[in-house]
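# Fold and geometry: a report
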Amino acid sequence: MAKRNGFIDQCEQEQLHLSGAIQPHGALVVANLQGVVSHVSENIVELLGVGAHLEQSLVEQSLVEQLLDQPLPAFLQEVYESAVLVEAGERYVGQGNIGDQEVDVVMSHNGEQLVFELYPVDAHADPMPVVGEAYPVPDSTPALQAQCQQLLDELLALSGFDRVLYYRFMPEGDGEVCAEARRAEVAGSYVGLRFPASDIPQIARQLYFKNPWRSIPNAGAEPVAIVGRTAASVPNLSWVDLRSVSPIHQEYMANMGVGAAISLPINQAGELAALISCHSATPRQLTVSQLQAMSKLSEAFNLRLRDYRTRRRLQVLDGMQRHFEHAKNVLMRHGELASAWPELSGWLMDTFAADGVILQVEGDCYQAGEVLSAAGIDVVIEAARFEASPVWISDSLPADCIDMPLSEIAGVAVVSDLPLGQHHTVNLYLCRLEHLYEVTWGGNPDKPVDYRDGNSAIAPRRSFEAWVEQRVGFSRPWSASTRMYLLKLRTLLQQAKSFAWTKDEKE
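Let us look at the structure shown here. It should be emphasised that the depicted structure is a prediction, and the values quoted were computed from it without experimental measurement. (Residues numbered from 1 in each chain as written. Predicted model: local features only at pLDDT ≥ 70, side-chain atom pairs only at ≥ 80, totals over all residues. Heavy atoms only, no water.)

## Side note on the nonpolar core
With 31 residues, the main nonpolar core has Trp-341, Leu-348, Leu-359, Leu-430 and Leu-489 as its most contacted residues. Of all the elements in the fold, those that place two or more residues in this core are α8 (288-334), α9 (337-351), β14 (356-361), β15 (364-369), β17 (409-418), β18 (426-433) and α12 (482-495). Core analysis: the second largest hydrophobic core is formed by 26 residues, Leu-155, Ala-181, Cys-278 and Tyr-308 among them. (Core = buried A, V, L, I, M, F, W, Y, C linked by side-chain atoms within 4.5 Å. Buried < 20%, exposed > 50% of the residue type's maximum accessible area, 1.4 Å probe, protein only. Helix = DSSP H or I, 4+ residues; strand = E, 2+ residues; numbered from the N terminus.)

## What to know about the pattern of salt bridges
Inspection of every chain in the model, using the stated rule, returns 9 salt bridges. The shortest N-O distance in the salt bridge between Arg-163 and Glu-180 comes to 2.8 Å. You can see Arg-163 sitting in strand β7 (residues 163-169) and its partner Glu-180 sitting in strand β8 (residues 175-182), a full 17 residues away along the chain. Glu-176 is paired through a salt bridge with Arg-168; the nearest N and O atoms lie 3.0 Å apart. When its relative accessible area of 18% is taken as the criterion, Glu-176 is described as buried. For Arg-168, a relative accessible area of 31% corresponds to the partly exposed category. Where salt bridges share partners, they join Arg-163, Glu-180 and Arg-182 into one cluster. (Salt bridge = Lys/Arg side-chain N within 4 Å of Asp/Glu carboxyl O.)

## Describing the environment of Ser-140
Along the chain, the position of Ser-140 falls in the loop between β6 (113-120) and α5 (141-159). Put simply, Ser-140 and Tyr-308 are 168 residues apart on the chain and 8.3 Å apart in space, counted from C-alpha to C-alpha.

## Points about the sheet that holds strand β2 (residues 27-32)
Taking strand neighbours across the sheet as the criterion, the 7 strands line up as β1-β11-β3-β2-β6-β5-β4 in an open arrangement whose pairing is antiparallel. At either end of the open sheet lies a strand with only one pairing partner, and these are β1 (21-22) and β4 (91-98). (Pairing = 2+ DSSP bridges.)

## Focus on the packing of α8 against α9
Following both chains from N to C, one finds α8 and α9 inclined at 165°, their axes separated by 8 Å at the closest point. Between α8 and α9, the interaxial angle falls into the category roughly antiparallel. Handedness of the crossing formed by α8 with α9: right-handed. Every residue of α9 that contacts α8 at Met-320, His-323, Phe-324, Ala-327, Val-330, Leu-331, Arg-333 and His-334 is listed here: Leu-337, Ser-339, Ala-340, Glu-343, Leu-344, Trp-347 and Thr-351. (Axes fitted to C-alpha atoms, helices over the stretch in contact; angles between N-to-C directions. Parallel < 35°, antiparallel > 145°, perpendicular 65-115°, else oblique. Left-handed = near helix turned anticlockwise from the far one by under 90°. Contact = heavy atoms within 4.5 Å.)

Put into structure tokens, the structure is as follows:
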């Protein structure tokens, strides 16, 4: 992941889960696993409705002193007893009552403590939303795109927000808006705009594996401190949606004209594949029930997406098996590699959309199409030797190989140590030419750093107007599945390694 101006470095240093504060639309109670309170948020006084006739500072001090090191308040006991089976990293949603005030309670287990998020329920709030109809697993790319758009339309209606974006992450960490739903009166579209990886640093992305949603009802709200007996004791808020918003992210949202936001993760195969991002120009708070309904919709789509990708992967792998059988028949018909190479190289270039291919067999080198020079091969070999996998892929050799000589080849996929024959070291290089193209960013990703205190770069970019970058030194990007397909090819060759690949072996 490219680091721009050191900005992402600073973002990664923020301990978001140890902020020691929450957003003000709810309150927090933290207890040990035995149900003894260790921390509370300062606004707990307001939520519990202590008499206003007392001096506020004395009320706060008295109430905090009464709660700390004591058993959980009575209104939390029922939730605590109902959630005894919740394990580390899990959460439980329940309800409680403080006098006449109903509260939603979200309890999470951070491995050492139980954290209770308390959300007052508006008596006039909308009833529990009804989640839309179930959809089948899509059987084509257009069907998948249609279901994605339908999901965004449903989330827009359910949330009442102004705009909902489907933000897909790319292999290098950048993101691109590939679908959008917006209210009729909202102008402008984000579809097709790309955003740099630094907009969502890894430390923030990891939290999306622990939370089904991230809700920020008021981007400009001041945080509320969490207090305990000692200032050094800060609870882990990794599984807490109430955790305070990073000042960097607050400014980012303000620059984008966003007053409230909800994010829903799309996690695939242990990676954050996409985010669904809901924007409102003005503050807007949803109930826990509404957030659960939105999460249920996105998770249902996530499961269909997983099943769709699994089916597609199996179809491609089955197809590769058939194509490989054809290539093997070519070799068998010719009896050795040299005479079979014209057909075999054509099959490799067609299968992997390559502009050229090289097959190194000990001292022999077979090639076809536009390929790397001998010096370029040496540089690629040096870069690939640090890869744990036998497959190494680059779509920007000038960026990934600092000593790369000038070449029209900008991308390569390497399969090293192919199991061809009994006594040969074989490497396969699939080459792609440089492909000049434009990337439209949502604002200049390389904006100058804005120094606020003389030494810290704290300000995200201020403009999100479309900014077009002319990309040079890149090939057409390899698909996300290329590595898997090349590993499959290697496996197929392993299964056929007893076949004679050279004239010497045949003799």
